[in-house]
Amino acid sequence: MIPYTVNIKLAARTLTGTLNLQNKTAVDWGWQGLIAQGCHSSILIIDPKTAQTIQVLERHKANVVKVKWSRENYYHNLSSPYCLRLASGDASGKIIVWDVVSGTAHCEIQEHSKPIGDLEWLWNQDASRDLLLAVHPPNYIVLWNGDTGTKLWKKSYAENILSFSFDPFDPSNMALLTSEGIVFITDFSYSKPPGSAGKKVYIASPHASPAHTKPAPATAPAPTGAKKALNKVKVLITNEKPTAEAVTLNDCLQLSYLPSKRNHMLLLYPREILILDLELSQTVGVVAIERSGVPFIQVIPCAQRDALYCLHENGCITLRVCRSTVATEEAADPEQSVQELVYDLRSQCDAIRVTKTVRPYRMVICPVNENKAALMVSDGRAMLWELRAHTGKAANPSSGLSPLYSPVSFCGAPLGPNQKKIQDLSLNSMIGQTLIAGETLPTSSHQQEVQLKFLLTGLLSGLPLPPFAIRMCPPLTTKNINHYQPLLAVGTSNGSVLVYNLTSGLLHKELSVHSCEVRGIEWVSLTSFLSFATSAPNNMGLVRNELQHVDLPTGRCFAFRGERGNDEPPIEMIKVSHLKQYLVVVFRDKPLELWDIRTGTLLREMAKNFPTVTALEWSPSHNLKSLKKKQMAAREAMARQTVSDAEQSSVESSVISLLQDAESKSETSQAISAREHFVFTDTDGQVYHITVEGNTVKDGARIPPDGSMGSIACIAWKGDTLVLGDVDGNLNFWDLKARLSRGIPTHRGWVKKIRFAPGKGNQKLLVMYTDGAEVWDTKEVQMVSSMRIGRNVNYRILDIDWCTSDKVVLASDDGCIRVLEMAMKSASYRMDEQDLTDPVWCPYLLLPRAALTLKAFLLLQPWSGTFTMDVTQVDYSEKDEIKGLIQEQLNSLSNDMKSVLQDPELSLLQRCLLVSRLFGDESDLHFWTVASHYIQSFAQARQLTVSAAEGQAQSEGVQPSPQSHLDICHDVLCETSYFQKFQLDRVHLQEVKRSSYEHTKKCADQLLLLGQTDRAVQLLLETSADNPSYYCDSLKACLVTTITSSGPSQSTIKLVATNMIANGKLAEGVQLLCLIDKAADACRYLQTYGEWNRAAWLAKVRLNPAESSDVLKRWAEHLCSPQVNHKSKAILVLLSLGCFYKVGEMLHSMRHFDRAALFIEACLKYGVMEANDSSNKLIEAAFLEYARLLRTLGLREGAALWASRAGSAGEQLMEELFQGEGGIPEAILGEEVVELGLESKE
């Protein structure tokens, strides 16, 4: 058992159950590391690492249809801290932006009243991170400011918009999936709505294309490899509307851009996934399911590797990884080496059992590491799968899949000889890159082959379907305070009883008790309860009654009424007396039974002429105290008597004392039977009073009915107050002391239940009606609070109870059980008031300052020479409570992660990358990935030039290994050589796949730009004679082949090209310039006309390093300009050019002080930046600002360390830091010298 402290104050919370169909798409896994999931009108926040719900957001009135976490791609500091921000849209068109930690709404947005179609936070500029784009059906897209709720612009389209997808490489491109086709928008900007209506394309469904329908003639020769691949899928993307039978677009389930490579998009159909190359609008790959396979529901493309996570209709998640296009030895025939992009199935998880009510809804994957997936099931389960890599050969080598290798680096740097690493840190640390044509196959000496497997690491389950019967265990008292647990028993429709611990909100036990719906539960002690269930009636109206006694610690159940229960009228209610001695069982058409709970015996079955009971309640008064007094007196008398008979022999006296001991023991163990009473009403409203003592039952006084009351439905009794409720909604309050009665009509219809709150002198009363509930104060006889369906909630209440003296618990028909304050306003709770069973790693839950301190604490290890995970060992001035919270975060890290963070082999660059992954800091992760790669590659190049200059023979080991290029998902930031190979590979694929003249023309154009003139001429000569551009193409082919470097022809062509460009034929002019090797001029023209991306692409594929670097530098300047304001992108471009000093300056001027200081430190360590007179000013300024930042965070020791390296200004700061402490501690200065010594050696 987990040791628990008693928490008297229970947090308000919601226990959720099954999902609504409209919640299907409402799930998102954010960079913050948490999953948001819509459940009816509330939103659960789930921590996937510990599989627990840490927050439930309640404010929507309608079902939630979309949730989206905000992106973390901005620099985090005190003014823009780590915070949990979530946008959610519901079926009534309302969008709420939440501050998740406090559970409050930043703003609420309402435009139309139709369900929100899609939501996305804009991430593509540095100016504002509050912009939220939403689809408001049927055909509007609106840009909102998600912080203030103001509308920035609104645009309508011709068709109904289903969803949209942004191009991850170019923020001005987006695609709308509409009911008729796809609309491509190329001029998206946050400052104004798109000007044009977009380019509309229609897709003929994959099945309707001619390749599928036309039977092949038997005599025709078998098509070659290239033709086969062509016929396999011929998805025609056309600009004209396809014929009626071809339009089956509505079965296109999803469209998304591939984040792993530019200009690719996937379309998902139930039985295939199509990969399109958008430059050609042509299918270049297809993942099809064979006839017996299970159809797709959803697919998520990864960014780190060219891989797809697919969800199938049986709840199975599969991972498919793109096959390498490197020609293997067997395929000597070049035509077969590449036909299309093939995605091989590499791993799959177990399916779930799909029934009418249980089906998979959606999956989400972790955006930071892309190696964890969560599956949401309609019954409210969340299954958390993790992808694991196991080293070893494939079990069946005959499968024909090429092996996957694990990369030989960790966090972007080669592994040290005895460095600790986490293999499964992220997808790109588990498997290496997909190789492309022209790359050498890796040598197998370093690399290990890996197999991928899915592992179920967490399961969260919800409540079953309503209806529910709920009952809270007996209240907390001074006697049971040491072992009290606030347990809530929930009886369900399938006969099981769930017991929840309301401190943590987790399921404590699930017991299968009955075979039919549980009707009611009554606790008989803190650890045992009675529950009853009734089966469906037979034709005589008789049922099988089950009354079970359940002991919680052991789980033992037994039938309380023994053999009784078959073929009798149904049990209406069971009532347990206040001392838990007696039990009354009330039947529908049969006299009641009275049982003794302690012995399990039937005391009395009432006579046939006993009146029909409509309501019954035990009285809180009893004679236990007076009985105990009598018993004590008798004991004392016995003791006296024993002393007086002292003459009896000692032997006898010992025997007697033993006997008496035994007697008194038996007396105390067989507890005395106290006298208790109960009252009940009959159908006429007459109140009867009955006394029970031991096994005697006496009839007491009868009180005639009150004329103003209808048929009494329920009674509650506490202290001197008795309350009756009737079927017409009247409440009658009796003050037994003053002998007064007072009737109040509530006009709310049938009073279903009334219950007094626990606690001495607490006279609050909870009343349940068919349409809601109310809390009354019986002392003042007035209503305290009320809730009514349709007015302030949209669910019906099924059952009620008090869970503490000031909180109520309500079960409702939306499948949820809510613990609410007495005011019964459903509200989210503050996360910091939560008692979580398992600690959750999520720095976003800390205060802004504390989160930044935690980050600095991890980044600046070792502290005074020792690696530590204990924040108290560091000179850190802060409130103890905040220190405690930071320490809790540190403790919740996994042991693997702690050992890697404390590993002295971990370099500064690796540490920065690892911490940005831990924090889910998108902007940090991109920056450090690119920075660490280029700092290392420039350092390596520098070593090579140095060793070459010294006349040494180049050793093999120093050459950069083929694995060390940036992933292609970084696009233009990749090394030029790799980028060129990738583009050639892509054109080769496009060429194989082309199916029309348009495609051929585009391919020829690309080949000319890439400088592949021979191949381009072949394509140009393919143009058929009846094509209008036949003559033009033939001449172009002649031109390409005859271009010589003679002066006159060059100048003529240049003149023609400039004229073309001036007259609006930019692409054609650029092509001509490329033919005469004037690509640098071409890039300049492209940039002048605003084609910045195209210019960068051309520079990478055609120019020499110096010219290319000029073009990219101009692009970086353009990105920094105020109208573009994308400095973060500019920094990445400069990093890829090795302009490290400029990057340091920019970071410093943008006030990214910690990033600037750590970056400069890394540059100095790797020797790619020299500390000389010109650079010292920047270095000292950066270090000084970082020291100041650390001082504001309270990390004095860290501040001193950086200040001591910041020249004269730093000395001043040192003095301020250690004022009145007798100077600077020796330790810091001593260490500093050592560190600087190391630096100079490197």
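- An unreviewed UniProt entry annotates the protein chain as WD repeat-containing protein 11 of Maylandia zebra.

**Quick notes on the overall build of the protein chain**
Stage number 1. Looking only at helices and strands, the protein chain has 27 helices and 60 strands in total.
Stage number 2. Residues counted as buried form 53% of the 1242 residues belonging to the protein chain.
Stage number 3. Across the protein chain, contacts joining residues at least 24 apart in sequence account for 56% of those joining residues at least 6 apart.
Stage number 4. When the accessible surface of the protein chain is summed, it comes to about 54,700 Å², and 53% of that surface belongs to carbon and sulfur atoms.

**Description of the packing of helix H22 (residues 1140-1149) against helix H23 (residues 1153-1166)**
Geometry of a packed helix pair, given as the angle between the helix axes and the separation of the axes.
Stage number 1. Viewed as axis vectors pointing N to C, H22 and H23 meet at an angle of 160°, and their least axial separation amounts to 8 Å. Classified by the angle their axes make, H22 and H23 are roughly antiparallel. Between H22 and H23 lies a crossing whose hand is left-handed. Listed contacts from H23 to Phe1140, Val1143, Gly1144, Leu1147 and His1148 of H22 are Phe1153, Arg1155, Ala1156, Phe1159 and Cys1163.
Stage number 2. Residue composition of the contact of H22 with H23, by class: 7 nonpolar, 2 polar and 1 charged.

**As for the nonpolar core**
Stage number 1. Grouped together as the largest cluster of nonpolar side chains are 177 residues, with contacts concentrated most on Ile45, Leu86, Leu858, Leu1098, Leu1135 and Phe1159.
Stage number 2. The element contributing the most residues to this core is helix H24 (residues 1173-1193), with 9 residues.
Stage number 3. Looking at this core, you find at least three residues from each of domain 1 (10-181 + 825-845) and domain 3 (852-941 + 1138-1217).
Stage number 4. In contact with Ile45, other than residues within four places in its own chain, are Leu34, Ile35, Ala36, Gln52, Thr53, Ile54, Gln55, Leu57, Trp69, Leu86, Val100 and Met831.
Stage number 5. Core analysis: the next-biggest nonpolar cluster, separate from the first, contains 31 residues, Leu498, Trp523, Leu526 and Cys803 among them.

**Looking at the side chain of Ser88**
Stage number 1. Structurally, the position occupied by Ser88 is in strand E7 (residues 85-90).
Stage number 2. Ser88 gets classed as buried once you look at its relative accessible area, which sits at 0%.
Stage number 3. A polar contact is formed between the side chain of Ser88 and the side chain of His60, at a distance of 2.6 Å.
Stage number 4. Residues contacting Ser88, with those up to four places away along its chain left out, are Ile43, His60, Val64, Lys66, Val67, Lys94, Ile95, Ile96, Trp98 and Leu119.

**Quick word on the sheet that holds strand E22 (residues 282-288)**
Stage number 1. Taken in spatial order, the 4 strands line up as E19-E20-E21-E22 in an open sheet, and their pairing is antiparallel. Here the strands that pair on one side only, and so sit at the sheet edges, are strand E19 (254-257) and E22. Each adjacent strand pair in this sheet contributes to an overall mean axis angle of 20°, direction not counted.
Stage number 2. Bridging between strand E20 (residues 264-268) and strand E21 (residues 272-277) involves 5 bridges; their strand directions are antiparallel. Along E21, the bridge assignment pairs Leu268 with Ile273.
Stage number 3. Strands in contact with helix H12 (residues 976-993) are E20, E21 and E22; relative to E22, the strand with the most contacts, it is inclined by about 85°.

**So, the environment of Leu1039**
Stage number 1. Mapping Leu1039 onto the fold places it in helix H15 (residues 1030-1042).
Stage number 2. Along the backbone, Leu1039 and Leu1072 are 33 residues apart, and their C-alpha atoms lie at a distance of 9.8 Å.
Stage number 3. In contact with Leu1039, other than residues within four places in its own chain, are Ile1053, Leu1072 and Leu1075.

About the cut-offs
Residues numbered from 1 in each chain as written. Predicted model: local features only at pLDDT ≥ 70, side-chain atom pairs only at ≥ 80, totals over all residues. Heavy atoms only, no water. Helix = DSSP H or I, 4+ residues; strand = E, 2+ residues; numbered from the N terminus. Buried < 20%, exposed > 50% of the residue type's maximum accessible area, 1.4 Å probe, protein only. Contact = heavy atoms within 4.5 Å. Areas by Shrake-Rupley, 256 points an atom, 1.4 Å probe, with all protein chains shown as cover. Axes fitted to C-alpha atoms, helices over the stretch in contact; angles between N-to-C directions. Parallel < 35°, antiparallel > 145°, perpendicular 65-115°, else oblique. Left-handed = near helix turned anticlockwise from the far one by under 90°. Nonpolar A, V, L, I, M, F, W, Y, C, P; charged D, E, K, R; others polar. Core = buried A, V, L, I, M, F, W, Y, C linked by side-chain atoms within 4.5 Å. Domains from an automatic or database assignment. Polar contact = N/O pair within 3.5 Å; in protein donor to acceptor, adjacent residues only side chain to side chain. Pairing = 2+ DSSP bridges.

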